[in-house]
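# Per-entry structural report
Listed below are the residues making up each chain.
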Amino acid sequence: MSEPLRIGILGAARIAERALVTPALAGGHRLVAVAARDRDRARVFADAHGVERVVDSYAALLADPEVEVVYNPLANGLHGPWNLAALNAGKHVLSEKPSASNAEEAAEVRDAAAKSGTVFMEAFHYLFHPVTRRLHQLLASGELGELRHVETVVAMPAPPDDDVRWSFPLAGGALMDLGCYGLHAQRVLAPWAGGAPEVVSARGGERDGAGSTGAAGVDAWLDAELAYPNGATGSARCSMVDDRWRATCRIVGTRGEATALDFVLPHQEDRVVVRTESGERTEELGRRSSYAYQFDAFAAHVRHGEPLPLDAEDASATMRLIDACYTAAGFAPRPRS
């Protein structure tokens, strides 16, 4: 077994348990330190998850020489500043998406990663699961023919009014929190579409009464139409005011189509439905967590230089597409915190 990663965690976010703690501990890695705005909350988190120590501040965690990897699950608006700080401190970084608040800040993160020489990865965990890998294999094998259209839908019921996802200053919004998955899933189809997609048009809306809840300027839903260089089209829809959770990805080719029934959380729904002239079949790709696949790949890259499909340039490109969607829909890109 290779040397365990020594990990520091910024904040005590709920997502940290499933996205980092569980897969890291399963792989024999060390949770060296955690810092949170509320030290008592950090202590509870540390005790619950086997973190070795609590430190007094995010800055103190970055200054800790024993911490080599920083995991950043903070509110969206805090991703950029603390990703920059961690990279400038010479740490490897696994950041929850999106990597920054806007394209300009994401470019700074990209440049900081290049300067530091450390690893930066945006946590698009879905990409590592066999469900997404299978969609790509179906295109690569030619079974679906030439790519013609892609539809992604990521939707959820509304979070509480005081949730940070409704905060404009903290870079909230349906596109930032959910739609980024759909846009990324469409971006990574570039090898089968002559290149990456561009925004043709977009529209979106705020939640009713948004001004009274502090959510003015925050997209409750947004739909974007995309175009690929080879003439294929894309439709990316997202919503934080839906009646249920949905996360589908449908790929249509000249010879058939394939639909992932939940490409974002494939460990909860691992079915891919394939329809061709030969008929229809359903493939089940496994319920192992996409977060586990992701962390294994991240650790293998840090320790052994194994190939990694995500880097700071990929994160910057996704944020440029997000900002283009906001502009086309009449929303302002999110501000820096």
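Attention here is on the structure that accompanies the text.

The rules behind each value
- Residues numbered from 1 in each chain as written.
- Predicted model: local features only at pLDDT ≥ 70, side-chain atom pairs only at ≥ 80, totals over all residues.
- Heavy atoms only, no water.
- Pairing = 2+ DSSP bridges.
- Helix = DSSP H or I, 4+ residues; strand = E, 2+ residues; numbered from the N terminus.
- Axes fitted to C-alpha atoms, helices over the stretch in contact; angles between N-to-C directions.
- Contact = heavy atoms within 4.5 Å.
- Core = buried A, V, L, I, M, F, W, Y, C linked by side-chain atoms within 4.5 Å.
- Buried < 20%, exposed > 50% of the residue type's maximum accessible area, 1.4 Å probe, protein only.
- Expected span 1.5 Å × (residues − 1).
- Polar contact = N/O pair within 3.5 Å; in protein donor to acceptor, adjacent residues only side chain to side chain.
- 1 Å grid on protein atoms, 1.4 Å probe; cavity = no way out; pocket = protein on both sides within 12 Å on 5 of 7 lines; lining within 4 Å.
- Points joined across faces, edges and corners; volume = space filled by probe spheres on them.
- Parallel < 35°, antiparallel > 145°, perpendicular 65-115°, else oblique.
- Nonpolar A, V, L, I, M, F, W, Y, C, P; charged D, E, K, R; others polar.
- Patch = residues over 30% accessible without salt bridge, like charges linked within 9 Å, V, L, I, M, F, W, Y side chains within 5 Å.
- Areas by Shrake-Rupley, 256 points an atom, 1.4 Å probe, with all protein chains shown as cover.
- Salt bridge = Lys/Arg side-chain N within 4 Å of Asp/Glu carboxyl O.
- Lys, Arg positive; Asp, Glu negative; His and termini not counted.
- Charge placed at Lys NZ, Arg CZ, Asp CG, Glu CD.

### Here's the deal with the sheet that holds strand 7 (residues 147–155)
Read across the open sheet, the 8 strands follow the order 8-9-10-7-11-12-13-14; overall the sheet is mixed. Each end of this open sheet is capped by a strand with a single partner; those strands are strand 8 (198–205) and strand 14 (279–284). Between one strand axis and the next, the sheet turns through 10 degrees on average, direction left out of account. In terms of strand pairing, strand 7 meets strand 10 (residues 233–239) through 7 bridges, oriented parallel. Along strand 10, the bridge assignment pairs E151 with S235. Packing of helix 9 (residues 312–329) onto the sheet brings it into contact with strand 8 and strand 9 (221–227), and relative to strand 8 it is tilted by some 60 degrees.

### Details of the nonpolar core
Ranked by internal contacts, the top residues of the largest apolar core, which has 89 residues, are I7, I9, L222, I251, F263, F295 and F298. For this core, the element with the most residues is helix 7 (residues 174–187), which contributes 8 residues. In this view, L222 contacts L175, A202, R203, G204, A236, R237, C238, C325, Y326, A329 and F331; residues no more than four positions away in its chain are not counted. Of all hydrophobic cores here, the second largest spans 21 residues; its members include V32, A33, L74 and A315.

### Regarding helix 9
In this model, helix 9 (18 residues) spans 26 Å end to end at C-alpha, consistent with the 26 Å of a helix rising 1.5 Å per residue. Burial analysis of helix 9 places 13 of its 18 residues in the buried class, the great majority of the element. For helix 9, the capping residue at the N-terminal end is D311, with a side-chain oxygen 3.2 Å from the backbone nitrogen of E313. Where helix 9 ends, the next residue or the one after it, G330, has phi of about 85 degrees, a positive value.

### Brief notes about empty space enclosed by the protein
Counted under the stated rule, the structure contains 1 cavity of 30 Å³ or more. As a volume, the largest cavity reaches approximately 50 Å³. Around the largest cavity, the lining residues are Y126, T132, L135, H136, A185, V188, L189, C249, I251 and F263. Of all elements in the fold, only helix 6 (130–140) and strand 11 (246–253) reach the threshold of two or more residues within the lining of the largest cavity.

### Comments concerning the packing of helix 4 (residues 76–88) against helix 5 (residues 103–116)
Running from N to C, helix 4 and helix 5 point in directions that differ by 10 degrees, and their axes come no closer than 9 Å. Classed by the angle they form, the pair helix 4 and helix 5 counts as roughly parallel. Between helix 4 and helix 5, the residues in contact are G80, P81, N83, L84, L87 and N88 and E105, E108, V109, A112, A113 and S116, respectively. Looking at side-chain class alone, the contact of helix 4 with helix 5 contains 6 nonpolar, 4 polar and 2 charged residues.

### Here we look at the layout of surface pockets
For the largest pocket, the calculated volume is near 1100 Å³. Lining the largest pocket we find 35 residues, and of these A13, R14, I15, P73 and V164 sit closest to its centre. Sorting the residues of the lining of the largest pocket by element identifies helix 1 (15–26), helix 4 and helix 7 as the ones contributing at least two each. Taken together, the residues of the lining of the largest pocket break down into 20 nonpolar, 5 polar and 10 charged.

### Concerning a positive patch on the surface
Together, R14, R18, R37 and R41 make up a positively charged patch on the protein surface. Here R37 shows up in the loop between strand 2 (30–35) and helix 2 (39–49). Judged by its relative accessible area of 80%, R37 is exposed.

Nothing here speaks to function; it is all geometry.
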